[in-house]
Amino acid sequence: MKPGCTIIGTVVAKPDTRAELQEILHAQVEPTRAEAGCLNYDFHVDAKDPCVFVFYENWTTLQDLDAHLTKPHLKPLFDRQGELLARPVEIRHLEMLSDMAG
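Q: How would you summarise the layout of surface pockets if you had to cite specific residues and measurements?
A: In this structure, the largest pocket encloses a volume near 190 Å³. Lining of the largest pocket is provided by 16 residues; of these, Glu57, Leu69, Phe78, Val89 and Ile91 occupy positions nearest its centre. Looking at the lining of the largest pocket, its residues break down into 11 nonpolar, four polar and one charged.

See the structure below:
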(Lines give C-alpha, C1' and ligand atoms only; values in the text may rest on other atoms or scores of the structure.)
Protein backbone atom coordinates (compact mmCIF):
# COMPACT_ATOMS: atom_id res chain seq x y z
CA MET A 1 0.00 0.00 0.00
CA LYS A 2 1.14 3.53 -0.78
CA PRO A 3 -0.15 6.63 0.99
CA GLY A 4 -2.01 9.20 -1.05
CA CYS A 5 -0.01 12.03 0.52
CA THR A 6 3.46 12.14 2.06
CA ILE A 7 5.05 15.29 3.44
CA ILE A 8 8.07 16.49 5.31
CA GLY A 9 7.28 19.51 7.43
CA THR A 10 10.14 21.63 8.74
CA VAL A 11 9.65 24.03 11.63
CA VAL A 12 12.55 26.26 12.72
CA ALA A 13 12.49 27.85 16.16
CA LYS A 14 14.01 31.10 17.22
CA PRO A 15 16.80 30.10 19.65
CA ASP A 16 15.06 31.71 22.62
CA THR A 17 11.75 29.90 21.92
CA ARG A 18 13.16 26.46 21.08
CA ALA A 19 12.11 24.71 24.31
CA GLU A 20 8.59 26.14 24.25
CA LEU A 21 8.14 25.30 20.57
CA GLN A 22 9.32 21.74 21.17
CA GLU A 23 6.62 21.32 23.83
CA ILE A 24 3.95 22.74 21.51
CA LEU A 25 5.00 20.48 18.64
CA HIS A 26 5.27 17.40 20.85
CA ALA A 27 1.71 18.01 22.08
CA GLN A 28 0.47 17.68 18.47
CA VAL A 29 1.75 14.12 18.02
CA GLU A 30 -0.82 11.97 19.80
CA PRO A 31 -3.96 13.85 18.67
CA THR A 32 -2.68 13.89 15.10
CA ARG A 33 -1.95 10.16 15.13
CA ALA A 34 -5.59 9.62 16.17
CA GLU A 35 -6.95 11.58 13.19
CA ALA A 36 -8.76 9.84 10.35
CA GLY A 37 -6.39 9.22 7.47
CA CYS A 38 -3.15 9.56 9.45
CA LEU A 39 -0.91 6.62 8.59
CA ASN A 40 2.09 7.93 10.50
CA TYR A 41 3.20 11.21 12.05
CA ASP A 42 6.78 11.17 13.27
CA PHE A 43 8.46 14.07 15.10
CA HIS A 44 12.23 14.66 14.86
CA VAL A 45 14.88 17.22 15.75
CA ASP A 46 17.88 17.87 13.52
CA ALA A 47 20.95 16.09 14.90
CA LYS A 48 23.14 19.16 14.33
CA ASP A 49 20.72 22.03 14.92
CA PRO A 50 18.35 21.74 17.90
CA CYS A 51 16.22 24.61 16.57
CA VAL A 52 15.15 22.61 13.51
CA PHE A 53 12.20 20.26 13.98
CA VAL A 54 11.00 17.92 11.25
CA PHE A 55 7.78 15.95 10.82
CA TYR A 56 7.58 12.97 8.49
CA GLU A 57 3.93 12.29 7.69
CA ASN A 58 1.91 9.89 5.58
CA TRP A 59 -1.79 10.43 4.97
CA THR A 60 -4.34 8.29 3.19
CA THR A 61 -5.38 11.25 1.01
CA LEU A 62 -4.50 14.89 0.45
CA GLN A 63 -7.96 15.71 1.80
CA ASP A 64 -6.99 14.05 5.11
CA LEU A 65 -3.90 16.28 5.31
CA ASP A 66 -6.00 19.34 4.48
CA ALA A 67 -8.44 18.41 7.28
CA HIS A 68 -5.49 17.94 9.67
CA LEU A 69 -4.32 21.49 9.02
CA THR A 70 -7.63 22.82 10.39
CA LYS A 71 -7.54 20.89 13.69
CA PRO A 72 -7.60 22.77 17.02
CA HIS A 73 -4.46 21.04 18.33
CA LEU A 74 -2.45 22.95 15.67
CA LYS A 75 -3.80 26.31 16.85
CA PRO A 76 -1.06 26.90 19.50
CA LEU A 77 1.54 26.75 16.70
CA PHE A 78 -0.38 28.60 14.00
CA ASP A 79 -1.51 31.40 16.33
CA ARG A 80 2.06 32.16 17.45
CA GLN A 81 4.17 31.54 14.34
CA GLY A 82 5.59 35.06 14.24
CA GLU A 83 6.63 34.87 17.87
CA LEU A 84 8.06 31.32 17.88
CA LEU A 85 9.47 30.66 14.40
CA ALA A 86 12.64 31.88 12.74
CA ARG A 87 11.00 31.38 9.33
CA PRO A 88 7.68 30.13 7.93
CA VAL A 89 6.81 26.45 8.19
CA GLU A 90 8.07 24.58 5.13
CA ILE A 91 5.98 21.72 3.76
CA ARG A 92 7.59 19.51 1.15
CA HIS A 93 5.28 17.10 -0.68
CA LEU A 94 6.71 13.74 -1.71
CA GLU A 95 5.51 10.80 -3.75
CA MET A 96 6.34 7.45 -2.16
CA LEU A 97 7.72 5.00 -4.68
CA SER A 98 7.88 1.95 -2.41
CA ASP A 99 5.10 0.35 -0.43
CA MET A 100 4.95 1.38 3.23
CA ALA A 101 6.81 -0.82 5.68
CA GLY A 102 4.72 -3.12 7.85
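Picking up where we left off.
Q: Account for the pattern of salt bridges, naming residues and giving values.
A: Counted by the stated rule, this structure contains five salt bridges. When the shortest N-O distance is used, the salt bridge between glutamate 30 and arginine 33 registers 3.5 Å. Of this pair, glutamate 30 and arginine 33 both sit in helix α1 (residues 18-33), three residues apart, which is roughly one turn of that helix. Accessibility expressed as a relative area gives 54% for glutamate 30, which makes it exposed. With a relative accessible area of 40%, arginine 33 lands in the partly exposed category. With a closest N to O distance of 3.4 Å, arginine 33 and aspartate 42 form a salt bridge. Taken together, the shared-partner salt bridges in this structure form one network comprising Glu20, Arg80 and Glu83.

Definitions and cut-offs
- Residues numbered from 1 in each chain as written.
- Predicted model: local features only at pLDDT ≥ 70, side-chain atom pairs only at ≥ 80, totals over all residues.
- Heavy atoms only, no water.
- 1 Å grid on protein atoms, 1.4 Å probe; cavity = no way out; pocket = protein on both sides within 12 Å on 5 of 7 lines; lining within 4 Å.
- Points joined across faces, edges and corners; volume = space filled by probe spheres on them.
- Nonpolar A, V, L, I, M, F, W, Y, C, P; charged D, E, K, R; others polar.
- Salt bridge = Lys/Arg side-chain N within 4 Å of Asp/Glu carboxyl O.
- Helix = DSSP H or I, 4+ residues; strand = E, 2+ residues; numbered from the N terminus.
- Buried < 20%, exposed > 50% of the residue type's maximum accessible area, 1.4 Å probe, protein only.

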